Amino acid sequence: MIRVALYGIPVLLAIYFLALAVSPWETRRKLRQGFAYFAGICGALIALIPLVFLLYHVIVQGLPGLNWEFLTHAQMPAGKAGGGYFNAIVGSLVIVGLAAVIGVPIGVLAGLYLSEVGKGWFANAIRFLSEVLTGLPSIIAGILGYTLIVMRFGFSALAGSFALSALMIPIIARVTEEAVRIVPQQLREASYGLGAGKFRTTWSVVLPAARSAIVTGVILAIARVGGETAPLIFTALGNNGVVWSPMKSMSALPLAVYTDAGQPYDVNIKMAVTGALLLVLWISIMNVVFRWLAAKFQPRLA
Amino acid sequence: MKLSQSTLGLVAFLALASVLSGCGSSGSTPGDNGPGGPSASNDGGSVDVKGSSFVKPFLDNVFADYAQTSKFTVNYAGGGSGAGIQALIDGTVPFACSDAPMNDDETAKAKSGKPGEVLHVPIVLGTVAVVYNLPDVTAQLKFDAATLSAIFQGKVTKWNDPMIVALNAGVTLPDLPIAPVVRADSSGTTYVFTDYLSAADAGWKSTLGVGKEVSWPNTVRREQKNDGVAKGIKDTPGGIGYIELSYSKEGKIPYALIKNADGQFVAPEPEGATAAADKTPLPEGMKGSIVNGPGATTYPISSYVFALLPADMSKDANGAKVVDAIKYVVTTGQSKAAELYYAPLPKSVQDKATAQLAKIKVK
Amino acid sequence: MTEPTQRTTFPAQGNRIKIADKLFGAATFFGAAFLMVVVLVIAYQLVTGSWAEVGKDGTAFFTGSDWNASAEKYGALPTIWGTLLTSLIAILFGGLTGVAISAYLVELAPKWLFKPVSFLVDLLAAIPSIIFGLWGREELVPYLRKGVYPELKSVFGWTGWFGTENSPIVGNGILTAGLVLGVMIIPTVAAVTREMLLVVPKTMRDGSLALGSNKTEALIKVQIPYAIGGILGGLILGLGRALGETMAVTMLIGNNPVLSKDLLGPGATLASLIATNFADATNNTRTALIGLGLVLFCFTLAINVLARYLVRRVRQRSGLSA
C-alpha cells in the first residue's frame, strides 16, 4: 500500500504534467483547476487526519483511567499501579496561576502603553521586542527561569511561573493593544469632552469596551502556557507529592505526562494518556466556555 | 506633564532593571542547589544530596528508614553521578554518590575547591543488565565482551550475525537489524558498562573507551535515564541496551547472560555482584572497579556505588549526622539491598567502609 | 493619542486628574519596560551564561562536529544540522499543506466548509507539544516503523538519505520528528495564509474573473502573487515555531547528536539536547548548553523579524494599519 503510494505519487505527477504539456488550452485550464481542488482537499486531510487520530487515541485510551481516584490522589512511584494526578493538577493551578499573576497585569499595561500612551521610536522598540518575545522558544524561557531563580534558590514552582510568564506577557500585550485600538476614537473624545483625563477615559470607557477581547486573549495565553512542558523541566522539576508552596519543586500536568510517558511500565503510559486527556479537556474548556462567557458579557458598541 | 510621566516610569524601570540585573550577575556565578531547595525538616534537620540515579531506589528506602529512627532527613535527589560530583566540588551538597570513582581531574578540582580531600566509601553493590527485545525468541541469550563491543560499535548489525549465533547454539535468531539504545545523559550506568567493555575488549578500549558518556556511532538511539532506555528497548523489536537490574526486573524486559573472565555465562543477579566483590578486593583508599573480575560465579558488569565525603567535615554543622547516616547505610541498611535488586556489601567491605568513615573529621 | 486641548474643570479636580494620568502613564510605561527588560535579561543571560565556553572555543563551538559532554567536547554543528533538517522537513510537509488548505478554503471550497475546517485547524494549534510527542511515540512510531519506513528504505535507500545498508529501523528519528513538527506548524502557516489571502482587494480577484479566468487562475495568477510576501512570512513563522519546538522532538528524534544524513536515523536538535541534558549537567556542560540556547535564540530572532516584516508589508499595502 505504502509502496504503491511511494511509486504512485511521482508517476501520477508525471502523468499530470505530461497531460498538461500535450493537451489543448481549454483542457489544460480544467486540469489545473482539478489539480488545485485535489491539492486543497489533500492539504485539509493531511491536517485533519492526525488531529482525528490523536484525539481518538487520547480519548479512547485515556477515558477509562479518568476516575475519581485519578483526580484526588497523588502520583505513585514509577511502575506502581494506582494513584492519580492530584499533585500535578495542584501544581498546574499554582504554577499557571502565579504566572498569570505576574504576566497578566504586566501584559495588559504593556499593551495599554503601546496603544494609548507610547509614541515614536521607543514604542516601536517595545513593539519589536514584544514580537521577539512572541517567537521565543519555550525552552529558552526555561533557561531564563533556571539562571535567574533556580541557581540562587533551588528548583521551585516560582521559577516555572516566571518562565511561563515570559511567554504570556507578549501574547497578552499584543491582544490588549489590538483590542484597545479598535475601540472607536469617538468614545474617547466623548470622555475627554466630559472632562475626564486619560486614566479615567481608559479605565471607565476604553477598557470596558475592549474587555471581552482582552479576556479572550488572557484565556488563550493561559491555555497556551498551561500546556507548556519545556520551561518546567528544569525549573519546577516535578514532584510526586502534593505541594502547595511555590518555593518548592512541584509537578504540573504536562510535566507528569512527560515523565510518565518515558517510563517502561504500561501503568505509567496509561496514566500519561489520561493526563493528556485532562490537558486537552482543560484547554478545550478554556477555549470554548470562557470565550463564550466573555462574548456574552461584552457591552455592545454602537 | 509628558516629562514627569516618563520620569516616574523611568524610576520604576531603573528600580526593576537594577533588581533584575542584580539577579543576573549573581545568577551567572556557578552554583547549584539541590532540587526542592530547603526540604521539610524533621526535628533533627535535613540535607539535600545529589548523585547517581542508579542507587536512588535503594537510598530512598534506606534514608526513609533512617529518618524514622534518627529524625534526620537525607533528601536524595539523584540527578546522575556527574552532577553529584560537580555539586560536591561546588560545595552545594555535603556529600554525593557516584557509580564511578572520581577521576584525577575531579580529584584535583575537589582538592583546590570547597571539599578538599574526598574519601570514597562503598555503600552498596549493583549490576548492569544487558537487555533486549526479540519477540519471537524465548531462550535466554548469551553475550561476551567482544560481541557486545561489536554491537555497540555498529559492526554487528543483524541478530543472526555469526558472532551472536556462535554464542547461542540452538537458538533461532531472526534476520532483524539490531537497534542499540543507550543513555542520552551523562550516566554512571554508561560508565560501568563502558568500563567493563574496556576491561574485557581491547578493540573497545582503543575506540570508544570509558566514560559517563562516549561518542556512540550514528545509528544508536539515545534516551534519558534508565527509564527512557528501558522504554526505548521495550518499544523496539530488535532493541538492545544496558540498564540497572531493577528496571529489567520491574519492566519485565529479558536480560542476557554475560560471559565472565572465567568463561562462564552468568546472570546479572545480586549474587553475581557479591561474588565479584569477594574476588576483587578494593585497593587502599577504596577507589576501584570490579568489572570483569575473576571467579566462576562473578557477574562481570558489577559495580560498587560510592558515597563521596570530604575528609574534613568539621566545619559542617550536619557533619556528624551525615557520617552517622552513611554508617547506617553501610551496616543496618544493607538488609534492604536484596529486595530492591542490589547486593549487600560483603562483611569485610562493610568493615573497611566503617573504618573509612571513622577517618572523617567531624565537630 | 490626541491630547485633549481644553478641560473645564475645577483646579483641585484638575490636579487629581493630572496625578492620576501621570500614575497611569508611569504604570503602563513600567509594563512596557518590564517587557523590554525580560528580553534584555534573556539576551544577557544567554551571552554571559555561555561565554566561558563559546568565548573559549570561538567559531570552533559552532563548527565543531563532536558533542561529547563527558569528554568536554562541545561542538554545536550536529544539533544545528538536526534543527535545520527537522525544520526543513516540517516546512516542506506542513508548510505547503498549510498554504494549500487556506488557498482551498478561501477560494475554492464551498462556503459552508470554511468555518468548521478553519476551527479544526486552529484546534490543532491548541494541542500541547507534549501530547503530540506522546501520540507520536505510542501510535505513529510503531506504524511508521512497521508500515512506512521499511518501504521508504527499500525504494529510496540508495540515495543515502533513507537508511544505510545495515541501519536498524527504529521509528524514532529525524524524519519522524520532522513530520510531526510539520503537522504542528500547519495551523500557524494556514492562519497567516488565510489572513493574507483575505486582505487581497476583492476588486483584483473580480477583475481577473471578469476577464474570463476561472477561480484557480485568479488564485494562482492574481491573489497568490499579491499576497506572496505575506505567505512567505507565514512559512517563515512556521519555520520559527519548528526551530524552537522541544517536547515532541525530544520524544521522537532519538537524541543522538551526530552529523548524519540518514533521515530515518536518530539526531538531535538544539532544543532537544538542552531539554535532555540541562537539568543534570555539570557546570561546563551547562555553559555549553546555554551556548546552544544562544544559537537557537539568534535563529528564532532573525526568523521572526524577517517573517513579521514580510507580513506587515502585505498588510500595509492593503491599507490595513500595523
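Residue numbers restart at each chain and count upward from 1, following the sequence in its written direction. All chains are assigned letters beginning at A, and all ligands numbers beginning at 1, according to the order in which they are written. In keeping with the model being predicted, local features are shown solely for residues with a pLDDT of at least 70 and side-chain atom pairs are shown and tallied solely at 80 or more, while totals for entire chains, interfaces and linings include all residues. The basis for the side-chain values is all heavy atoms of the structure; hydrogens and waters are excluded.

Comment: elements are numbered from the N terminus, with helices defined as DSSP H or I runs of at least four residues and strands as E runs of at least two. Within chain B, the secondary structure is distributed over 13 helices and 11 strands. Considering chain B as a whole, with its 363 residues, one finds that 60% of them fall into the buried category. Any two residues whose heavy atoms approach within 4.5 Å at even a single point are treated as in contact. In chain B, once contacts between residues fewer than 6 apart in sequence are set aside, the share between residues at least 24 apart is 72%. Put simply, chain B shows about 13,300 Å² of open surface, and 55% of that area lies on carbon and sulfur atoms. The classification of residues rests on relative accessible area computed with a 1.4 Å probe and restricted to protein chains. Under 20% of the type maximum is buried, over 50% is exposed, and intermediate values are partly exposed. Only the protein chains shown count as cover for residues, with accessible areas throughout obtained via the Shrake-Rupley method and a probe of 1.4 Å.

Another aspect to go through is the domain arrangement of chain A. Residues and elements named next belong to chain A. Under the domain assignment, chain A is made up of domain 1 (2–65) and domain 2 (86–296). The partner domain 2 presents five residues to the eight residues of domain 1 that form the contact. Carbon and sulfur atoms make up 81% of the area that domain 1 and domain 2 hide from each other, which totals about 520 Å². Buried area adds together the accessible area that both of two parts lose upon being put together, with accessible area traced by a 1.4 Å probe. Contact with domain 2 buries surface across domain 1, with V58, Q61 and G62 losing the most and accounting together for 58% of the total. By definition, a salt bridge exists where a carboxyl oxygen of Asp or Glu is found within 4 Å of a side-chain nitrogen of Lys or Arg. Here domain 1 is connected to domain 2 by zero salt bridges. Either an automatic procedure or a domain database provided the assignment from which the domain bounds are taken.

Moving on: the pairing of strand β6 (residues 179–183) of chain B. Residue and element names in this part refer to chain B. Within β6, five of the five residues are buried, leaving the element largely enclosed by the surrounding structure. Note: two strands are recorded as paired if DSSP finds a minimum of 2 bridges between them. Relative to strand β8 (residues 239–244), β6 is paired through three bridges, and the arrangement is parallel. Across the sheet, V181 pairs through a bridge with G241, a residue of β8. Sheet analysis places β6 next to strand β7 (residues 221–223), joined by three bridges and oriented parallel. When the sheet's bridge partners are listed, V182 is paired in β7 with R222.

With that out of the way, let us pick up the pattern of salt bridges. Applying the stated criterion to the full structure yields 28 salt bridges over all chains. In this structure, E223 of chain B and R221 of chain B form a salt bridge, with 3.0 Å as the shortest nitrogen-oxygen distance. Across the pair, exposure class does not vary: E223 of chain B and R221 of chain B are buried alike. Note that R194 of chain C and D122 of chain C form a salt bridge whose closest N and O atoms lie 3.4 Å from each other.

This paragraph deals with the environment of T229 of chain A. Relative to the helices and strands, T229 of chain A is located in the loop between α9 (198–226) and α10 (230–233). Here T229 of chain A falls in the buried class, since its relative accessible area comes to 1%. Setting aside its immediate chain neighbours within four residues, T229 of chain A contacts P254, L255 and Y258 of chain A together with I130 and M247 of chain C.

So, on to the interface of chain B and chain C. Every contact between the two is made by 46 residues of chain B and, on the other side, 43 residues of chain C. There are two salt bridges connecting chain B and chain C. For the salt bridge of R137 of chain C with E223 of chain B, the shortest nitrogen-to-oxygen distance reads 3.9 Å. Any N or O atom pair separated by 3.5 Å or less is treated as a polar contact, with the protein-specific requirement of one donor-capable and one acceptor-capable atom, and with residues adjacent in sequence counted only for side-chain atom pairs. Connecting chain B to chain C are 11 residue pairs in polar contact (both at pLDDT 80 or more).

Turning our attention to the interface of chain A and chain C. Reports often express the size of an interface as the amount of accessible area lost when the parts come together. Residue-level contacts link 84 residues of chain A with 84 residues of chain C. Counting each side, the surface lost to burial between chain A and chain C is near 7,700 Å², with a carbon and sulfur contribution of 76%. Its largest share of buried area at the contact with chain C, chain A owes to L6, R29 and L54 of chain A, together 7% of the area lost on that side. Our count for the chain A to chain C interface comes out at two salt bridges. Put simply, E217 of chain C and R29 of chain A hold a salt bridge, and the shortest N to O gap is 2.7 Å. In this assembly, chain A and chain C are joined by 12 residue pairs in polar contact (both at pLDDT 80 or more). With 20 residues, helix α2 (residues 25–62) of chain A is the largest single contributor of residues to the side of chain A that touches chain C. Asp, Glu, Lys and Arg are counted as charged, while Ala, Val, Leu, Ile, Met, Phe, Trp, Tyr, Cys and Pro are counted as nonpolar; the rest, among them Gly, fall into the polar class. When the residues that make up the side of chain A that touches chain C are grouped by side-chain class, the tally is 58 nonpolar, 18 polar and eight charged.

Residues and elements named next belong to chain B. For K225, which is not a glycine, the phi torsion comes out positive at approximately 60°. Position of K225 relative to the elements: it lies in helix α9 (residues 225–235). Positive phi values are uncommon outside glycine, yet K252 reaches one of about 55°. Its location among the elements puts K252 in the loop between α10 (245–250) and β9 (257–259).

Time to look at the packing of aromatic side chains. Only Phe, Tyr and Trp rings take part, Trp by its six-membered ring, and two of them pair if their centres are within 6.5 Å. Stacked means planes under 30 degrees apart, edge-to-face means over 60, and tilted covers everything else. Enumeration according to the criterion identifies 32 aromatic pairs over all chains in this entry. Ring plane angle 85° and centroid distance 4.9 Å describe the contact between Y146 of chain A and F278 of chain C, whose orientation is recorded as edge-to-face. Within this pair, whereas Y146 of chain A is found in helix α6 (residues 138–153), its partner F278 of chain C is found in the loop between α10 (270–277) and α11 (283–317), the two belonging to separate chains. Note on F278 of chain C: relative accessible area 0%, which makes it buried. Look at F58 of chain B and Y342 of chain B: their rings are 5.5 Å apart centre to centre, the planes differ by 50°, and that puts the pair in the tilted class. Of this pair, F58 of chain B sits in helix α2 (residues 56–70) while Y342 of chain B sits in the loop between α12 (319–330) and α13 (347–358); the two residues are 284 residues apart in sequence, bridging distant segments of the chain. For the residue pair F58 of chain B and Y342 of chain B, the accessibility class agrees, reading buried in each case. Taken together through their ring pairs, the aromatic side chains of F152, F193, W204, W216 and Y242 of chain B make up a single cluster. Across from the ring centre of F265 of chain B, 5.4 Å away, lies the NZ or CZ of K142 of chain B, which sits over that ring. Cation over ring: R286 of chain C sits above F278 of chain C, and NZ or CZ is 5.6 Å from the ring centre. The criterion is that NZ of a Lys, or CZ of an Arg, lies within 6 Å of the ring centre and within 35 degrees of the ring normal, and then a charge sits over that ring.

Moving on, we get to α10 of chain C. α10 of chain C sits mainly inside the fold: eight of its eight residues count as buried. Every buried residue of α10 of chain C is listed here: L270, A271, S272, L273, I274, A275, T276 and N277 of chain C.

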